[in-house]
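Inside the fold
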Amino acid sequence: MTAQVTLNNRQFYRSVIRLAIPIAAQSLIASSLSLVDNLMVGSLGEAELAAVGAGIQIFMIHYMFLFGFCSGSATFIAQFYGVGDIKNIKRTIGFTAITGVSIGGVFFVAAMLIPEQIMSIYSTDDNVIAMGTEYIRTGAPTFLTMGFTIPFYIGLRATQQTHLPLFISISAFVTNTFMNYVLIFGSFGAPRLETQGAAVATVMARCLELIMLIIVVFIRKNLVGGRPSEFIGLSRELILRMVKNNIPTTANETFWGIGQTMYMAAIGHISVTAYAATQACHTIENVFVMAGFSLGDAALIMLGEKLGQNEIQLSRMMASKFIKLTAVIGIILGILLLTFSQPLLEFFKFSDAGYDSAIKILVIYAAAVPAKMVVGVMITGILRSGGDTTFAAVCELSAIWIIAVPLAFLGAIVWHLPVYAVVILSLSAEVVEITILLWRTRTGKWANNVVSDLQ
């Protein structure tokens, strides 16, 4: 007879708060970095905002590629942490960091050699392309620093030390904000660099982030730190298993990121004003949504720990609780986004047409927040915690590339729809995804222990 498994609700919510709040705060700070960039650059004009918005797309693709691989590794780190296997935690982080720096090197070379070609994908305006090219080339060093920092951030989170990445991110945020003000506008006697100043400030903040991470992890001898030799030596079986798990997560996040940039590319063919309005709205939305996505990280950490301990039934119960909690928080965040949309838009230097489009887009984004968050938690948290990464990737990428991206381009280029209508078409993927993913979660096929024979 199987023993009855119960979920301690008080303990569950306490764990969610302990893990999710620092991650949410860090995500809020990270998205605020982009908001500060856009607010300051947006005060220069629509062309400058469009240039930075287009230039930042390659950095977004890189981040999603890197995050995808690191997110796959987090499955193993969380499950190794559940059984106290510190040796394999360090080896997993080491393998991830080597891969991350290698990925960053490829993007760095592309950013230095072909930035104009990259910009031409997202805009046809010569002035926007020129400013965006300068922005990409100046910001290229961040590809290398993030290739090292993100794997260790993931390691700290998956070992439930979420307060440390938060501490580092606060320092990076303060640095980026101050240097933005100094370099964009030429304050305190510094040269007025405008859009290039935003890129320089970001590079400075990322370098500080790298230095602080090294201090926290290695000099202060953190759990995930150690000698260089401790970060190599993964078994062939674990490498193969990680590659099998991480390729779908990498493809998922990378092509999701490219899909987001394709929506922007479609909108870029409408007008500079439409692009600037959408870029501003997307940045504002991220402040609310990215903090909510911290529930996905918390789900991966908590479910991964229990799956590593073979608590399969308990993990499924926790997954159901996460979905309900996420839906409620998504509704609250959608209402907050709608409430603060108009005051936030006042900071941007929009024409009347740009302001009108932005208001409509933010209303649409606010309505979609609950569905976006539930989909995000199921993909990045629930399914990935048990290594069900292939199903998650196929579901999301099919919805984006077969349905949403073609509809966005048809709407913008063929049907000549207004920008807010194209935004609605780009969100059509969420309806398909949430239906399929809810079914998959209920089947329990995602709940697997992927490290049981590797200790």
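Residues numbered from 1 in each chain as written. Predicted model: local features only at pLDDT ≥ 70, side-chain atom pairs only at ≥ 80, totals over all residues. Heavy atoms only, no water.

1. Quick look at the overall build of the protein chain
Where we set the bar: To qualify as a helix, a DSSP run of H or I must reach at least 4 residues; to qualify as a strand, a run of E must reach at least 2; elements of each kind are numbered from the N terminus. A 1.4 Å probe rolled over the protein chains alone gives each residue an accessible area, and that area as a share of the maximum for its type sets the label: buried under 20%, exposed over 50%, partly exposed in between. Here, two residues are considered to be in contact whenever any of their heavy atoms come within 4.5 Å of each other. Computed by Shrake-Rupley with a 1.4 Å probe, the accessible areas treat only the displayed protein chains as cover when residues are assessed. By the counting scheme adopted, Arg and Lys are positive, Glu and Asp are negative, and His together with the chain ends is not counted. Note that the charge is assigned to NZ on lysines, CZ on arginines, CG on aspartates and CD on glutamates.
Within the protein chain, the secondary structure is distributed over 16 helices and 0 strands. Overall, the protein chain is about 70 × 45 × 35 Å in size when its C-alpha atoms are taken along their principal axes. Classification of the 455 residues of the protein chain by burial places 58% in the buried group. Partitioning the intrachain contacts of the protein chain with sequence separation of at least 6 by distance along the chain shows that 83% fall at a separation of at least 24. Carbon and sulfur atoms provide 66% of the accessible area of the protein chain, an area that totals close to 18,000 Å². Seen as two clouds, the 27 positive and the 25 negative side-chain charges of the protein chain have centres 15 Å apart.

2. A few points about the packing of aromatic side chains
In plain terms, the rule: Aromatic rings from Phe, Tyr and Trp, taking only the six-membered ring of Trp, are treated as a pair when their centres fall within 6.5 Å; an angle between ring planes under 30 degrees marks them as stacked, one over 60 as edge-to-face, and anything in between as tilted.
Counted by the stated rule, this structure contains 17 aromatic pairs. An angle of 75° between the planes, with centres 5.2 Å apart, marks the rings of Phe-12 and Tyr-13 as edge-to-face. According to the relative accessible area criterion, Phe-12 is buried, its value standing at 3%. With 5.4 Å between their ring centres and 65° between their planes, Phe-152 and Phe-218 make a pair best called edge-to-face.

3. Quick notes on the side chain of Lys-90
You can see Lys-90 is positioned in helix α3 (residues 86-113). Excluding residues within four positions of it along the chain, Lys-90 makes contact with Leu-223, Val-224, Gly-225, Gly-226, Glu-230 and Phe-231.

4. Examining a nonpolar patch on the surface
Selection rule: Like-charged residues within 9 Å of one another, or nonpolar side chains (Val, Leu, Ile, Met, Phe, Trp, Tyr) within 5 Å, are grouped into patches, provided each residue has over 30% relative accessible area and no salt bridge. Criterion for a salt bridge: a side-chain nitrogen of Lys or Arg within 4 Å of a carboxyl oxygen of Asp or Glu.
Together, Val-109, Met-112, Leu-113 and Ile-114 line one region of the surface with nonpolar side chains, adding up to about 350 Å² of accessible area. Tracing the chain through its elements places Val-109 in helix α3.

5. Quick look at unusual backbone geometry
The phi torsion at Glu-194 lies on the positive side, around 50°, for a residue other than glycine. By secondary structure assignment, the location of Glu-194 is in the loop between α7 (163-185) and α8 (195-219). Its identity as a non-glycine residue notwithstanding, His-416 has a phi of 55°, on the positive side. Looking at the element boundaries, His-416 is found in the loop between α14 (389-414) and α15 (419-426). Under the relative-accessibility criterion, His-416 is labelled exposed at 63%.

6. So, the state of the cysteines
To keep it simple, the criterion reads: By definition, disulfides here are pairs of cysteine sulfur atoms that lie within 2.5 Å.
With the rule as written, the count across this model stands at 0 disulfides. Cys-207 carries a free sulfur, and the closest cysteine sulfur to it, the one in Cys-70, is 18 Å from it. For Cys-207, a relative accessible area of 34% puts it in the partly exposed group.

7. Examining the pattern of salt bridges
In the structure shown here, the tally under the stated rule is 10 salt bridges. In this structure, Arg-157 and Asp-297 form a salt bridge, with 3.3 Å as the shortest nitrogen-oxygen distance. Of the two residues, Arg-157 is situated in helix α6 (residues 142-158) and Asp-297 in helix α11 (residues 294-308); the sequence distance between them amounts to 140 residues. Grouping residues by exposure puts Arg-157 and Asp-297 together as buried. For Glu-253, the salt bridge goes to Arg-384, with nearest N and O atoms at 2.5 Å. In this pair, Glu-253 is assigned in helix α9 (residues 236-268) and Arg-384 in helix α13 (residues 352-385), connecting sequence segments 131 residues apart.

8. Quick notes on α13
Note the threshold: By this rule, a helix spans an expected 1.5 Å times one less than how many residues it contains.
For α13, spanning 34 residues, the distance from its first C-alpha to its last is 46 Å, which sits close to the expected 50 Å at 1.5 Å a residue. Of the residues flanking the end of α13, it is Gly-387, one or two places downstream, whose phi is positive at about 75°.

9. Here we look at the nonpolar core
We apply this condition: Put simply, buried Ala, Val, Leu, Ile, Met, Phe, Trp, Tyr and Cys residues joined by side-chain atoms within 4.5 Å make one nonpolar core.
Ranked by internal contacts, the top residues of the largest apolar core, which has 101 residues, are Phe-350 and Ile-382. Here this core takes 16 residues from α13, the largest share from any one element. Apart from residues lying up to four places away in sequence, Ile-382 is in contact with Ala-299, Leu-303, Ala-319, Ile-323, Val-377, Thr-441 and Trp-446. Judged by nonpolar contacts, the second largest core, of 34 residues, contains Phe-76, Tyr-153, Val-217 and Val-451.

10. Describing the packing of α7 against α8
Any two packed helices are characterised by how steeply their axes cross, that is the angle between the axes, and by the distance between the axes. Defined as follows: Orientation is described by lines fitted to C-alpha atoms, with helices fitted over the stretch in contact, and by angles between N-to-C directions that extend from 0 to 180 degrees. Note on angle classes: values under 35 degrees are labelled roughly parallel, values over 145 roughly antiparallel, values of 65 to 115 roughly perpendicular, and the remainder oblique. Handedness of a helix crossing follows the sense of rotation of the near helix relative to the far helix, less than a right angle counterclockwise being left-handed and clockwise being right-handed.
Running from N to C, α7 and α8 cross one another at 155°; their axes reach a closest spacing of 8 Å. Judged by the angle between their axes, α7 and α8 are roughly antiparallel. The element α7 and its partner α8 pack so that their crossing is right-handed. Here Leu-164, Phe-167, Ile-168, Ser-171, Ala-172, Thr-175, Asn-176, Met-179, Asn-180, Leu-183 and Ile-184 of α7 come into contact with α8, specifically with Gly-197, Ala-198, Val-200, Ala-201, Thr-202, Met-204, Ala-205, Leu-208, Glu-209, Met-212, Leu-213 and Val-216.

11. Topic: the environment of Leu-213
Here Leu-213 shows up in helix α8. Overall, Leu-213 belongs to the buried group, its relative accessible area being 0%. For the pair Leu-213 and Phe-148, spaced 65 residues apart in sequence, the C-alpha to C-alpha distance is 9.5 Å. Non-local contacts of Leu-213, meaning those with residues more than four positions away in its chain, are made with Phe-148, Thr-149, Phe-152, Tyr-153, Leu-156, Ile-168 and Phe-218.

12. Some points on the environment of Leu-208
Assignment of secondary structure puts Leu-208 in helix α8. For Leu-208 and Ser-71, which are 137 residues apart along the polypeptide, the C-alpha to C-alpha distance reads 23 Å.

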